[in-house]
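# Breakdown of the fold
Residues per chain are reported as follows:
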Amino acid sequence: MQSTSAESTQLTFTLAAKIVDRTARVGIVGLGYVGLPLAVEFAKAGFSVTGIDLVESKIARINAGDSYVQDVAGAEVSALVEAGKLHATTDFGAIADLDTINICVPTPLRKTKDPDMSYIVSACQEIAKFFHPGMLAILESTTYPGTTDEVVLPMLSHSGMQAGRDFFLCFSPERIDPGNPRFQTRNIPKVVGGVTPACTEMGALFYAQALEKVVPVSNTQVAEMVKLLENTFRMINIGLVNELAVMCDRMGINIWEVIDAAATKPFGFMPFYPGPGLGGHCIPIDPFYLSWKTRQAGIEARFIELAGYINSHMPHFVVEKIQNALNDRGRAIKGARIHILGVAYKRDIDDVRESPALDILHLLKNRGAIISFTDPYVRSIRIAGEDLFSTDLCVGASAADCVAIITDHTTINYQTALQEASLIVDTRNALRGFESHKIVRL
Ligand SMILES: NC(=O)c1ccc[n+]([C@@H]2O[C@H](COP(=O)([O-])OP(=O)(O)OC[C@H]3O[C@@H](n4cnc5c(N)ncnc54)[C@H](O)[C@@H]3O)[C@@H](O)[C@H]2O)c1
């Protein structure tokens, strides 16, 4: 099915023209935290967008004009569905009528900390069945350098089709920051690298229709590595500051004051803050995609392994801190009531994936504590086979022997928490500015 050079020029011209006049039919595979906002952005830019996911309930909610992603307003989805700009389906056959496809499926780690590529592979197997000449495919899932060329390209190059001539293939890292009202899909610069220069150009042209700034790079591997650099940078700096927090704790120095003072340096310093451990499914996971890949090349990613070790120890450090604070007041952790404030993996979001709060609750339960929590964004969680439901702040804090602030949601009333608690361990400096004998800071 190889096209001649004239046919290839025609395919390029036709797709570029459809993209520019927004008649290109856009497809998004994987309608989660990344895929749904992207689908909405392209639909808002005037494209007709088809979302594809395996989960029937998500498809039904979108088609009913509803949103299940906190950063996407239900009203926005319903207006786009009503206008016929957004539609969702479980049927990959829809790809036969599409011009572009963005792949936004999960890329978790296996228990062994090896990349789990099964979602990308199974999505590409389905896409390949309906992939046709003249299409643009872009992988957005975070992954190790080489995935687009080594895994996706062979799957889409069936029937002799060649990238850059018969179709276009790129990698573009997703950089969203859930819960961040200032930076969302539209105004976060979009890095894109193609399998060939023609692929990069087509990918860049596509994103330029809906997003504010596009940053083309030379190839897919550079684009894949950009995301891993960004997240590894964060993970290692958090690891460094967590280690400093443990040191400062031993030396009786207030780490928060140290960071605030250091941050007054107008150059050469960027503040990172300690906390109870890493959460979410980016920062704790993505760097291990890189270390796995470099191990294949005989290089140990020592910074990543070390930061991973320090960060994963933080929940234990927090539990020790709670235990010591109780002991200092003549109480044992066994049988103590411990109330956790905030269980989401970070401030002002509802996502508990990989949240350190879950580890802390497990550890506390194992030590015989009676656990409870308040989180304005999370209704329930499951700890060691038991469902826990978010309770009222005043009730939970006043009944507890110790309150521990694990996630510093901005809507929590910390004054009330401090008033009601008899002891409060603050792992986020949420009680900045408050002075009380009840407070134990990380
Ligand atoms: N969430 C973030 O903040 C964030 C930020 C940047 C990058 N990423 C990366 O983006 C990717 C997607 O992350 P997410 O947070 O949107 O995940 P998610 O779990 O919220 O969404 C993924 C969606 O893909 C669907 N899916 C799974 N397999 C599928 C298949 N074979 N075909 C069709 N749909 C399928 C799932 O049902 C789900 O709706 C990951 O690689 C992640 O690392 C996430």
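Refer to the structure printed above.
Quick summary incoming for the structure in this document.

Rules of the game
- Residues numbered from 1 in each chain as written.
- Predicted model: local features only at pLDDT ≥ 70, side-chain atom pairs only at ≥ 80, totals over all residues.
- Heavy atoms only, no water.
- Salt bridge = Lys/Arg side-chain N within 4 Å of Asp/Glu carboxyl O.
- Helix = DSSP H or I, 4+ residues; strand = E, 2+ residues; numbered from the N terminus.
- 1 Å grid on protein atoms, 1.4 Å probe; cavity = no way out; pocket = protein on both sides within 12 Å on 5 of 7 lines; lining within 4 Å.
- Points joined across faces, edges and corners; volume = space filled by probe spheres on them.
- Nonpolar A, V, L, I, M, F, W, Y, C, P; charged D, E, K, R; others polar.
- Buried < 20%, exposed > 50% of the residue type's maximum accessible area, 1.4 Å probe, protein only.
- Pairing = 2+ DSSP bridges.
- Axes fitted to C-alpha atoms, helices over the stretch in contact; angles between N-to-C directions.
- Arc of directions from axis to C-beta.
- Contact = heavy atoms within 4.5 Å.
- Near = heavy atom within 4 Å.
- Polar contact = N/O pair within 3.5 Å; in protein donor to acceptor, adjacent residues only side chain to side chain.
- Areas by Shrake-Rupley, 256 points an atom, 1.4 Å probe, with all protein chains shown as cover.
- Phe/Tyr/Trp six-rings, centres within 6.5 Å; stacked < 30°, edge-to-face > 60°.
- Lys NZ or Arg CZ within 6 Å of the ring centre and 35° of its normal.

### Quick notes on the pattern of salt bridges
Side chains carrying opposite charge are able to pair once their charged atoms draw close together. Throughout the structure, instances matching the rule amount to 22 salt bridges. Between Lys190 and Glu174 there is a salt bridge, and its shortest N-O distance comes to 3.8 Å. With a gap of 16 residues between them, Lys190 in strand 7 (residues 190–194) and Glu174 in the loop between strand 6 (168–171) and strand 7 connect regions that are remote in the sequence. In this structure, the salt-bridge partner of Arg347 is Asp408, at a minimum N-O distance of 2.8 Å. Of this pair, Arg347 sits in the loop between strand 9 (337–341) and helix 12 (356–366) while Asp408 sits in the loop between strand 13 (402–405) and helix 14 (414–420), and the two are 61 residues apart along the sequence. Counted as one network, the salt bridges with shared partners bring together Lys18, Arg25 and Asp99.

### Some remarks on the layout of surface pockets
If you add up the space inside the second largest pocket, you get close to 480 Å³. In terms of lining, the second largest pocket is formed by 21 residues, of which the most central are Lys113, Leu278, Pro284, Ser312 and Glu354. Looking at the lining of the second largest pocket element by element, the count peaks at four residues for helix 11 (residues 302–328). Taken together, the residues that form the lining of the second largest pocket break down as ten nonpolar, six polar and five charged.

### So, unusual backbone geometry
Phi angles above zero are rare outside glycine, and Asp348 is one such case at about 65°. In this fold, Asp348 is placed in the loop between strand 9 and helix 12. In this structure, Ala384 takes a positive phi of about 50° despite not being glycine. Relative to the assigned elements, Ala384 resides in the loop between strand 11 (380–383) and strand 12 (386–389).

### A word on helix 2 (residues 35–44)
Most of helix 2 is tucked away: nine of the ten residues are buried. Looking only at helix 2, the buried set comprises Gly35, Leu36, Pro37, Leu38, Ala39, Val40, Glu41, Phe42 and Ala43. Where helix 2 terminates, the next one or two residues include Gly46, which has phi positive at roughly 105°.

### Thoughts on the sheet that holds strand 15 (residues 439–441)
The strand order 10-9-13-14-15 describes an open sheet built from five strands, whose pairing is parallel. At either margin of the open sheet sits one strand with a lone partner, and together these are strand 10 (370–374) and strand 15. Each strand axis lies, on average, 20° off the axis of its neighbour in the sheet, ignoring direction. Pairing geometry for strand 9 and strand 13, over four bridges, is parallel. Among the inter-strand pairings, His339 is bridged to a residue of strand 13, identified as Val403.

### Things to note about helix 12
Three or more residues of helix 12 are buried, namely Pro356, Ala357, Ile360, Leu361, Leu363 and Leu364. Seen end-on, helix 12 carries its buried residues on one side only, within an arc spanning 165°. Along its buried surface, helix 12 packs onto helix 11, strand 9, strand 10 and strand 11. Looking one or two places after helix 12, you find Gly368, whose phi comes out positive at around 90°.

### Observations regarding the sheet that holds strand 8 (residues 214–217)
Across the sheet, which stays open at both edges, the eight strands sit in the order 3-2-1-4-5-6-7-8 with mixed pairing between neighbours. Of all the strands in the sheet, the pair left with one neighbour each is strand 3 (86–89) and strand 8. Within this sheet the neighbouring strands show an average axis-to-axis angle of 25°, counted without direction. As judged from the four bridges shared by strand 1 (residues 25–29) and strand 4 (residues 100–103), these two strands associate in the parallel manner.

### Brief notes about the site of the ligand
Near the ligand you find 27 residues, and of these Val34, Asp53, Lys58, Thr107 and His281 are the closest. The side chain of Lys58 places a nitrogen or oxygen atom 2.7 Å from an oxygen atom of the ligand. Between the ligand and the protein, one listed contact pairs an oxygen atom with a backbone N or O atom of Val105 at 3.5 Å. In isolation the ligand offers 820 Å² of accessible surface; the protein chains occlude 94% of this area.

### A look at the side chain of Thr50
Mapping Thr50 onto the fold places it in strand 2 (residues 48–52). When its relative accessible area of 11% is taken as the criterion, Thr50 is described as buried. Ignoring anything within four residues of it in the chain, the contact list for Thr50 reads Val26, Gly27, Ile28, His87, Thr89, Ala94 and Leu98.

### Description of the packing of aromatic side chains
Any pair of aromatic rings gets described here by the distance separating the centres and the angle formed by the planes. Under the definition given, this model contains nine aromatic pairs. Here the aromatic rings of Phe233 and Phe272 are separated by 5.6 Å at their centres, their planes lie at 70°, and the arrangement is edge-to-face. Taken together, the residues Phe233 in helix 8 (residues 220–251) and Phe272 in the loop between helix 9 (255–262) and helix 10 (286–296) connect sequence positions 39 residues apart. Among the residues examined, Phe233 registers a relative accessible area of 40% and is labelled partly exposed. Residue class for Phe272 comes out buried when judged on its relative accessible area of 9%. Put simply, the rings of Phe42, Phe47, Phe206 and Tyr207 pair up and form one aromatic cluster. Above the face of the Phe288 ring, Lys113 is positioned so that its terminal group lies 5.1 Å from the ring centre. The ring of Tyr207 has Lys190 sitting right over it, with the charged end atom 5.0 Å from the ring centre.

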